Amino acid sequence: MSEWWTYGLRDLLMFSAQTYYRLFELYNRDLWPSQLLALVLGVAVLALWRRGGERAGRAIALILAVCWLWIAWGFHWQRYASINLAAGYFALAFVVQALLLVWLGVLRGRLTPVPATRLQQRAGLGLLLFALLVFPLIGPLLGRSWTQAEVFGMAPDPTALATLGVLLFAGGRPAWGLFPIPVAWCLLSGATLWAMESPDFAVAPLAALLALVLAAGGALRRARAGRSIG
Amino acid sequence: MANIPDLTRRRLLGTIAAAPLLGSAMGWAQQVRPATRAIPSSGEAVPLIGLGSWITFNVGHDRVARDARAEVMRAFFQAGGRLIDSSPMYGSAQEVIGYGLKKIGRPADLFAADKVWISDGEAGRAQMEASRRLWGIPRFDLMQVHNLLAWQAHLPTLFAMKAAGQLRYVGITTSHGRRHGDMAQIMAGQPIDFVQLTYNLVDREVEQRLLPLARERGIAVIVNRPFQQGSLIRRLERHSLPPWATEIDCSSWAQFALKFIISHPAVTCAIPATTRVDHVRENMGAATGRQPDQAMRARMAAFVARL
Ligand SMILES: NC(=O)c1ccc[n+]([C@@H]2O[C@H](COP(=O)([O-])OP(=O)(O)OC[C@H]3O[C@@H](n4cnc5c(N)ncnc54)[C@H](OP(=O)(O)O)[C@@H]3O)[C@@H](O)[C@H]2O)c1
């Protein structure tokens, strides 16, 4: 579009909030009971994290990669693209994140649960639990139908947040390459929700930025500690 | 009666408008036809209110929403509407219009207005052909260069298509008050039939240059964003209509806003978008009854400016 930068964010939004949330409703309806499988995967991530160790880290990365790949295809490409001309690019970004998870997480074992700090550990666990259990309830609590709930493993926002949670508690040496896409997604999603005047627009961006700050803080502390030892 | 296909019923209603006795005898509400204005380059009359499709018709694969938009189209045609505007930029809107036309039957007098929106001039024809298939129609009546994107490349193609009978009219669009200088230049230098621009009770810049130029050059004007995508109406609805709105047969702010626009002598039609059957009827109603004169138009704008 010519001079697109002179348009406000709200002028660029090409669908209504009603249409956006209907997308989740039809997605949930058509794929029921896959939500239960997604929940099992989410709980498996938690259990693996509790078990700890390098193999658990690789398994967590594999689960997340599958979720990102599924969302690229099942959500962005098959559904979101019908109302958003940019969704093809979102699908591509989600495929890239899945590949990065396989490369850095599964092959190179960079998601081994060793939190750098206690705060990081708590925040990582908190974010994961939030993405799995609280995030799907936000819409219904705000008066949207529960059939439109956004669940981990199927909807992009809770999946991005859960991934950031995992990155926090795998924070020995943060796998920085795995941060940009989930963080960017959360910011973009927040902007979309803001343009649609959804009251919960700030949730995903704030949670993502918090994860980023904590990861950076943890890395800094470790670097300092490393220096004082060395 | 319920079994009469709607297309037939609509034609009947059209006939009945001229035969009120028969109409009331058969228990049908008498249809008041919308006022029209002539397209300067051809003299063809089009109703003063058309139908937009940005956001409202982009409902994707949602069957329920598609059916609801088909009902909006049905009500629009039943009220005498003809011109529907869309663009490849509007996501699934073209496909949803095509779905509606197929479902309710394509009226013979449909006026299909679409846009070419691609920076590569070579790809213009393919894009227009894809759009035509989505609408499911033999040809477009009007093809516009969306937001002047690559207009130098597209206009010659559009003129060639018009000469070959693949289009009836050629136009250009802008909105939000953008690129008025370029618009004026093209209006002065190119044999276009239509321009589309933003004009409403508060965005009135086009009154200075573009609307007078359109009259002078004999170019039809389609007005987009008549309600500022709804925000103008939402603001106005916090206040009550002035009592003198009845003097111009307005029963709502939407009609007040539309009558202001279509009573400008350079305007050919306004294209409000809606998801609702009651709104489309209300909007079509703006093309009926008394229209404001110059003095009344000034009063309307002044009243809204004070709110
Ligand atoms: N550059 C371009 O070429 C360009 C740019 C902008 C627009 N356009 C065209 O112009 C059309 C119109 O512009 P627009 O869609 O931006 O905005 P608009 O027509 O000014 O406003 C549409 C909004 O007004 C509401 N509305 C409609 N009728 C109403 C009524 N009777 N009472 C109360 N609210 C009512 C609708 O909500 P409900 O669904 O609740 O009725 C909808 O949200 C577009 O659809 C598009 O076709 C072209």
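See the structure shown above.
Here goes a summary of the coordinates provided. Predicted model only: the values in this text are computed from it and were never measured.

For the rest of this paragraph, the subject is the packing of aromatic side chains. Evaluation of the coordinates by the stated rule reveals 26 aromatic pairs over all chains. Here the aromatic rings of Phe-111 of chain B and Tyr-169 of chain B are separated by 5.8 Å at their centres, their planes lie at 20°, and the arrangement is stacked. Of this pair, Phe-111 of chain B sits in strand E4 (residues 111–116) while Tyr-169 of chain B is found in strand E6 (residues 167–173), placing the two residues 58 residues apart along the sequence. Overall, the relative accessible area of 4% leaves Tyr-169 of chain B in the buried class. Centroid distance Trp-253 of chain B to Phe-303 of chain B: 6.3 Å. Interplanar angle 20°. Geometry classified as stacked. Separated by 50 residues along the polypeptide, Trp-253 of chain B in helix H10 (residues 253–262) and Phe-303 of chain B in helix H12 (residues 294–306) bring together distant segments of the chain. Both residues of the pair, Trp-253 of chain B and Phe-303 of chain B, belong to the buried class. One aromatic cluster is present, built from ring pairs that chain together Phe-15, Tyr-20, Tyr-21, Phe-24, Tyr-27, Trp-68, Phe-75, Tyr-80, Phe-90, Phe-94 and Trp-185 of chain A. Lying over the aromatic face of Tyr-21 of chain A, Arg-144 of chain A brings its terminal NZ or CZ to 4.0 Å of the ring centre.

We now examine the interface of chain B and chain A. Across the contact, 21 residues belong to chain B and 18 residues belong to chain A. Interface area for chain B against chain A, summed over the two sides, is near 1,700 Å², with a carbon-plus-sulfur share of 50%. Where chain B touches chain A, the interface holds one salt bridge. Joining chain B to chain A, the criterion identifies five residue pairs in polar contact (both at pLDDT 80 or more). A breakdown of the residues in the side of chain B that touches chain A according to their chemical character gives nine nonpolar, eight polar and four charged.

What follows concerns the sheet that holds E6 of chain B. Taken in spatial order, the seven strands make up an open sheet running E3-E4-E5-E6-E7-E8-E9 (chain B), and their pairing is parallel. If you trace the sheet from one side to the other, it starts and ends with strand E3 (83–85) and strand E9 (269–270) of chain B, each paired once.

Residue and element names in this part refer to chain B. Put simply, helix H5 (residues 124–135) and helix H6 (residues 151–163) touch, their axes get as near as 10 Å, and they point 55° apart. On the basis of their axis angle, the class for H5 and H6 is oblique. Residues Gly-124, Arg-125 and Met-128 of H5 form the contact with H6, whose participating residues are His-154, Thr-157, Leu-158, Ala-160 and Met-161. Across the contact of H5 with H6, the residue classes tally to four nonpolar, three polar and one charged.

The omega torsion of the bond from Trp-32 of chain A to Pro-33 of chain A falls at 5°, within 30 degrees of zero and hence cis. Within the chain, Ala-150 of chain B stands out as a residue other than glycine whose phi angle is a positive 55°. Its place among the elements puts Ala-150 of chain B in the loop between strand E5 (140–145) and H6. Here the phi dihedral of Asp-249 of chain B falls at roughly 55°; this positive angle occurs in a residue that is not glycine. Relative to the helices and strands, Asp-249 of chain B is located in the loop between helix H9 (231–236) and H10. Its relative accessible area of 32% is what places Asp-249 of chain B among the partly exposed residues.

Attention shifts here to the site of the ligand. Residues and elements named next belong to chain B. Taken together, 30 residues lie around the ligand, and Asn-147, Phe-227, Thr-274, Thr-275 and His-279 are the ones closest in. Within the side chain of Asp-85, one N or O atom sits 2.7 Å away from an oxygen atom of the ligand. At 3.0 Å from an oxygen atom of the ligand is found a main-chain nitrogen or oxygen belonging to Ala-273. Within the complex, 90% of the 890 Å² of free accessible area of the ligand lies under protein. The biggest single contributor to the shell around the ligand is helix H11 (residues 277–285), with three residues. Looking at the shell around the ligand residue by residue, the class counts come to nine nonpolar, 16 polar and five charged.

Residue and element names in this part refer to chain B. Burial analysis of E6 places six of its seven residues in the buried class, the great majority of the element. Bridge analysis of E5 against E6 gives five bridges, and the strand direction is parallel. Paired with Phe-140 across the bridge in E6 is Leu-167. Taken together, E5, H6 and E6 form a β-α-β motif whose crossover is right-handed. Pairing between E6 and strand E7 (residues 194–198): three bridges, direction parallel. In the sheet register, Ile-172 faces E7, and the bridge partner there is Val-195. Traced from E6 through helix H7 (residues 180–189) to E7, the parallel crossover comes out right-handed.

All names here are of chain B. Examined against the element boundaries, Lys-115 turns out to sit in strand E4. When its relative accessible area of 1% is taken as the criterion, Lys-115 is described as buried. In this structure the side chain of Lys-115 is engaged in a polar contact, spanning 2.8 Å, whose partner is the side chain of Asp-85. A polar atom in the side chain of Lys-115 sits 3.0 Å from the side chain of Tyr-90. Not counting residues up to four positions away in its chain, the partners in contact with Lys-115 are Asp-85, Ser-86, Ser-87, Pro-88, Tyr-90, Met-143, Gln-144, His-146, Thr-173 and Gln-196.

Cut-offs and rules
Residues numbered from 1 in each chain as written. Chains lettered and ligands numbered in written order. Predicted model: local features only at pLDDT ≥ 70, side-chain atom pairs only at ≥ 80, totals over all residues. Heavy atoms only, no water. Phe/Tyr/Trp six-rings, centres within 6.5 Å; stacked < 30°, edge-to-face > 60°. Helix = DSSP H or I, 4+ residues; strand = E, 2+ residues; numbered from the N terminus. Buried < 20%, exposed > 50% of the residue type's maximum accessible area, 1.4 Å probe, protein only. Lys NZ or Arg CZ within 6 Å of the ring centre and 35° of its normal. Contact = heavy atoms within 4.5 Å. Buried area = accessible area lost by both parts, 1.4 Å probe. Salt bridge = Lys/Arg side-chain N within 4 Å of Asp/Glu carboxyl O. Polar contact = N/O pair within 3.5 Å; in protein donor to acceptor, adjacent residues only side chain to side chain. Nonpolar A, V, L, I, M, F, W, Y, C, P; charged D, E, K, R; others polar. Pairing = 2+ DSSP bridges. Axes fitted to C-alpha atoms, helices over the stretch in contact; angles between N-to-C directions. Parallel < 35°, antiparallel > 145°, perpendicular 65-115°, else oblique. Near = heavy atom within 4 Å. Areas by Shrake-Rupley, 256 points an atom, 1.4 Å probe, with all protein chains shown as cover. Right-handed = clockwise from strand over helix to strand, strands pointing away.

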